[in-house]
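# Commentary on secondary and tertiary structure
Each chain, written out:
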Amino acid sequence: MITSEAIHPGKSGAEGAQTAITRVGAVSKATRETGTGAVLFHGEHAKVGLRAVNDQIIRIKLFVGDRLDWTSTPAILAQENGEPVAVELSEQEGLYSVSFGRLRAEVATAPFALKIYDAQDRLLLDQQDLLWNQDGKAAFAAALDAQSHFYGLGEKTGFLDKKGEKYTMWNTDVYDPHVPDIEAIYQSIPYLVHFRYDRPAYGLLLDNPGKTVFDMRSYEDQYVLTMESGELDLYVIAGPSLKDVVTGYAGLTGKMPMPPKWAIGYQQSRYSYMNQEEVMELARSFRERNIPCDVIYLDIHYMHEYRVFTWDTNRFPKPKEMITQLQEMGFRIVPIVDPGVKKDPKYKVYQEGIAAGHFCSKLEGDVFNGKVWPGVSAFPDFTEDRTAEWWGDLHKFYIEHGIHGIWNDMNEPSVFETESKTMELDVVHGNNGNPKTHEEWHNLYGMLMSKATFEGLKRNLNGERPFVVTRAGYAGIQRYAAVWTGDNRSYWEHMAMSIPMVLNLGLSGVAFAGPDIGGFSHHASGELLARWTQMGALFPFCRNHAVLDSRRQEPWAFGPEVEAICREYIGLRYRLLPYIYTLFHQAAQSGLPIIRPLILEYPQDREVYNLCDQFLLGRDLLVAPVYRPGTSARAVYLPEGVWYNYWTGERYEGGRSILADAPLSVMPIYAREGAIIPEQALRQYTGESSSEPLQIHVYGDWAPGKFEFYEDDGSTFGYEQGAYRLTRLNWGRGASGALKLICIVAHDGLPQVEKQAVKVRVKQISERPSKVQVQTVGSFAQEVSWSYDERAQQLDIELSELGACEVSIQ
Ligand code: GLC
């Protein structure tokens, strides 16, 4: 049992014991709730409801009073999706058993205790304790043991495996260096994945947007979730595999929509590019130096004294013209928008907000004021639909300037000169007639701001995809925004830490994430920038950003050697874009992350349970960044199978570590044997057209492989109506022993575009073929143009387009 201290941190002994602790107690009966399919266990002191969301997810809710309220927070996408789940309840000798489709809950009655099993009757969640006090604090404990590992938990410092750690979920603006013992930072995703190699994995979401604590440290045989206020509302997401848990969680909290393709390009930021000339000069530098870039950010100085939805016309006298010119050069502008609205009776946004009652207020009616960049400010109450709509539509201001992307910052919300760093806890959010105190809903503030922003942009963009990137968020944030990991520093340690941070964000639903490349505060060195750009170029969100008075860190800031490295690796991102874009599509479809910890693909390999100084881009590329200065080699762990050095083609047997050469100009990357990676010719921005062929790179000549290559227009929501193309590529040996690449157009919903020539490059093919033929539907096999490079052991085959066909190599 956990002690009362669990819900009275700091109060131990007599003081802690004084406050009465309550538990569910003995269960007198179990009843079926009509309409919801829920089963209610009537305990001495409370009821516990169990309810199926689908046959992979069970919801557990504690009801202390008489009211049975199943309302959930905006994190949850759907209560029930798919087929209704058959529920069966039985009782035997004081033990209830409820089957919810393929899951089963077992409830002991004296006192209440809950276990959840999967279809094969393997134990998932083993609840050990559940207690609360009259102040509304509560704790839930479940079993762990020596074999338990923990993942997820959103954006947290530390390594990949969260066992032995403790984290607080309370969105906080942390300017101090992000170190392992910082329990709370900008995002709060109260969700963990419990993994044991010999049991099915499961996820646990505590849907409580107030302050909660996830403690995997203090008890030897239990992990404990505590909450300060609000409701104990848990979702258990069954595996069996880690991937099943990740996709199950995404089904519950939503997936990201496809971002516009330009938002996947390289992005350049600084606090701040101070004026129009500086921005234009920056854009010209990128193009003159042939360093690809799609986006330039405007930090707070673009505004008139930090009033959102305004321009400082001294610094930016002709913003519209500037943006049009930039667009012609292939650049997009993304301006920052913070929630604080300057208290200024002459400022239209403030006037409107006050007149319509849009700002967060106390119960007594006083508008809450807090200081942020503009000075004393008011904060919109995004829990009210009408306020969210007002805020969203205010973005027409930016849209009219040609802006389709917004950067949401300070939305924890951060409030200066306060001890709590945030809004007062007794502010009451209207929530469309179902009010919540800020204490109860703090962690939702940032997400609801991004929701209002995303939806406002979407409403007003005539079918174009919006882009939002946010600092604060909660479970479900992926539906509205990408996430950057806030104010890191130009420390090597922060570069290294961003790998597990972004990997765990990916396991927590947020596939589109990344840190400030080069580090935000402190001062980058050329070596750090080179290494960080190499790594960041293969992260989902790829933005270089730095604080006001730090050393410049644009890719050319440290001379030609570092500039060349940045050019090469940013260029690599653009060459790999067809592959990366397909991974974005996979994330949008299934919720699987774009960059993955090795454990996701190799869960049986115990070497990888906490491996987080390397990662997989999709399933097929293994990336091993160098994250220490003065290093020209590093150990790389290659999991089972055969791997090829992406740069040299060298072949390695996996299941072991190798020492990789990594001079400053090289970040080790490996391709899995059987990998099929689509690449394109270099571009200076994602929308630049090119007459160069698309390339399909196939690795190795014996392991079979497959890839579903996705394409769409990159800018509209047409893909939701089927306007996309999906080409299934299968590689392997046919019955005759000939190598075959079979292309199947599984979906062809893209309007007819010009035929794009394709070069299939088979790497590490050990013998020169005698014949290469292509057969298309309804025609005979025909010899095609091909060439074989003996030295590189590489075969190039030219196709007129990537249509349905079979390429055979003999
Ligand atoms: C916050 C943001 C940072 C931004 C700065 C000024 O510190 O995290 O990215 O540059 O505010 O707007």
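Residues numbered from 1 in each chain as written. Predicted model: local features only at pLDDT ≥ 70, side-chain atom pairs only at ≥ 80, totals over all residues. Heavy atoms only, no water.

As annotated in an unreviewed UniProt entry, the chain is DUF5110 domain-containing protein from Paenibacillus roseus. According to UniProt, the comment filed for the chain under the heading Sequence similarities (unreviewed entry) is "Belongs to the glycosyl hydrolase 31 family." (UniProt positions renumbered as here; feature names shortened; annotations may be inferred.)

What follows deals with the overall build of the chain. The helix and strand tally for the chain stands at 14 helices and 54 strands. A globule of 810 residues ought to have a C-alpha radius of gyration of about 28 Å, and the chain, at 27 Å, matches this closely. C-alpha atoms of the chain, sized along the principal axes, occupy 80 × 70 × 50 Å. Here the chain holds 810 residues, and 63% of them are scored as buried. Total accessible area computed for the chain in this model is approximately 29,500 Å², and 47% of it derives from carbon and sulfur atoms. Across the chain, the mean location of the 79 positive side-chain charges is 2 Å away from that of the 104 negative side-chain charges. (Helix = DSSP H or I, 4+ residues; strand = E, 2+ residues; numbered from the N terminus. Rg over C-alpha atoms; globule rule 2.2 N^0.38 Å. Buried < 20%, exposed > 50% of the residue type's maximum accessible area, 1.4 Å probe, protein only. Areas by Shrake-Rupley, 256 points an atom, 1.4 Å probe, with all protein chains shown as cover. Lys, Arg positive; Asp, Glu negative; His and termini not counted. Charge placed at Lys NZ, Arg CZ, Asp CG, Glu CD.)

For the coordinates displayed, the defined rule picks out 41 aromatic pairs. Residues Phe359 and Trp390 carry aromatic rings whose centres are separated by 6.2 Å and whose planes lie at 80° to one another, so their mutual orientation is edge-to-face. Of this pair, Phe359 sits in the loop between helix H5 (348–355) and strand E24 (361–362) while Trp390 is found in helix H6 (residues 385–394), placing the two residues 31 residues apart along the sequence. Taking the relative accessible area as the measure of exposure, Phe359 reaches 4% and is therefore buried. A ring pair is formed by Tyr579 and Phe707, whose centres lie 5.6 Å apart and whose planes are at 35°; its orientation type is tilted. Placement of the pair is Tyr579 in helix H13 (residues 577–590) and Phe707 in strand E46 (residues 705–712), with a sequence separation of 128 residues. (Phe/Tyr/Trp six-rings, centres within 6.5 Å; stacked < 30°, edge-to-face > 60°.)

Turning our eyes to something else, we now look at the confidence of the model for the chain. Looking at the chain as a whole, the pLDDT averages 95, with 97% of positions reaching at least 70. In this model residues 9–14 is a low-confidence stretch, pLDDT under 50, and it forms three contacts with partners more than four residues away in sequence or in other chains. (pLDDT = per-residue confidence, 0-100. Contact = heavy atoms within 4.5 Å.)

Interface size is often expressed as the accessible area that is lost when the parts come together. Assigned domains of the chain: these are domain 1 (4–253), domain 2 (595–672) and domain 3 (693–809). Between domain 1 and domain 2, a total of about 1,000 Å² is buried, with carbon and sulfur atoms accounting for 66% of that surface. Broken down residue by residue, the surface that domain 1 buries against domain 2 is led by Leu160, Tyr197 and Lys243, which jointly contribute 51%. Across the domain 1-domain 2 interface, the total number found is one salt bridge. Elements supplying a minimum of two residues to the side of domain 1 that touches domain 2: strand E12 (149–152) and helix H2 (242–253). The element that contributes the greatest number of residues to the side of domain 1 that touches domain 2 is H2, accounting for three residues. Among the residues making up the side of domain 1 that touches domain 2, the classes are represented as seven nonpolar, one polar and two charged. (Domains from an automatic or database assignment. Buried area = accessible area lost by both parts, 1.4 Å probe. Salt bridge = Lys/Arg side-chain N within 4 Å of Asp/Glu carboxyl O. Nonpolar A, V, L, I, M, F, W, Y, C, P; charged D, E, K, R; others polar.)

Following the sequence through the fold, Glu155 ends up in the loop between E12 and strand E13 (166–169). The buried charged residue Glu155 lacks any salt bridge, with Lys156 as its nearest oppositely charged partner at 7.0 Å. Only 3.4 Å separates the side chain of Glu155 from the backbone nitrogen of Tyr186, close enough to count as a polar contact. If we ignore the near neighbours within four places in the chain, the residues touching Glu155 are Ile185, Tyr186, Gln187, Val483, Trp484, Thr485, Met501 and Leu505. (Polar contact = N/O pair within 3.5 Å; in protein donor to acceptor, adjacent residues only side chain to side chain.)

Moving on: the pattern of salt bridges. Within this structure, the stated rule accounts for 49 salt bridges. In this structure, Asp620 and Arg619 form a salt bridge, with 3.4 Å as the shortest nitrogen-oxygen distance. The class for Asp620 is buried, based on a relative accessible area of 2%. Note on Arg619: relative accessible area 30%, which makes it partly exposed. Here Lys755 makes a salt bridge to Glu801, at a shortest N to O gap of 3.9 Å. Residue Lys755 is found in the loop between strand E48 (739–748) and strand E49 (758–763), and its partner Glu801 is found in the loop between strand E53 (794–799) and strand E54 (805–809); the two are separated by 46 residues along the sequence. Here Glu801 falls in the partly exposed class, since its relative accessible area comes to 34%. Beyond isolated ion pairs, a larger network of salt bridges with shared partners links Asp173, Asp409, Glu412, Arg471 and Asp487.

With that settled, consider unusual backbone geometry. Cis geometry marks the peptide bond from Gly239 to Pro240, where omega comes out at 10°. As for its position among the elements, Pro240 is in the loop between strand E19 (233–238) and H2. The linkage connecting Tyr271 with the following residue, Ser272, adopts the cis geometry, with an omega of -5°. For Ser272, the location among the structural elements is in the loop between strand E20 (267–268) and helix H3 (276–288). In the Ramachandran plot, Leu153 falls in the positive-phi region, its phi being about 65° despite a non-glycine side chain. Here Leu153 shows up in the loop between E12 and E13. Given a relative accessible area of 0%, Leu153 falls into the buried group. Its identity is not glycine, yet Asn431 carries a phi of approximately 50°, on the positive side.

The next point concerns the layout of surface pockets. What the largest pocket holds in volume is close to 1,300 Å³. Taken together, 42 residues make up the lining of the largest pocket; nearest its centre are Lys261, Glu711, Asp712, Val753 and Gln756. For the lining of the largest pocket, the secondary-structure elements that each account for two or more residues are H13, E46 and E48. Residue classes in the lining of the largest pocket are distributed as 16 nonpolar, 12 polar and 14 charged. Lining the second largest pocket are 39 residues, with Lys61, Gly230, Glu231, Lys436 and Trp441 positioned closest to its centre. Counting only elements with at least two residues in the lining of the second largest pocket, the list comes to strand E5 (57–63), strand E10 (123–133), H6, helix H8 (438–441) and helix H9 (445–460). (1 Å grid on protein atoms, 1.4 Å probe; cavity = no way out; pocket = protein on both sides within 12 Å on 5 of 7 lines; lining within 4 Å. Points joined across faces, edges and corners; volume = space filled by probe spheres on them.)

Okay, the UniProt feature "domain: Glycosyl hydrolase family 31 C-terminal" (unreviewed entry) in the chain next. When the UniProt feature table is mapped onto this chain numbering, "domain: Glycosyl hydrolase family 31 C-terminal" (unreviewed entry) sits at residues 591–677. Secondary structure across residues 591–677 divides into 5% helix and 38% strand, with the first and last C-alpha atoms of the span separated by 20 Å.

On to the side chain of Gln187. Here Gln187 lies in strand E14 (residues 187–188). Setting aside anything within four residues of it in sequence, one finds Gln187 in contact with Glu155, Lys156, Asn171, Thr470, Arg471, Ala472, Gly473, Tyr474, Ile477 and Val483.

The pairing of strand E6 (residues 87–92) with strand E7 (residues 95–100) spans six bridges and is classified as antiparallel. Directly across from Glu91, in E7, lies its bridge partner Tyr96. Hairpin geometry of E6 and E7 is characterised by an intervening segment of two residues between the two adjacent antiparallel strands and by a positive phi of about 45° at Glu93. (Pairing = 2+ DSSP bridges.)

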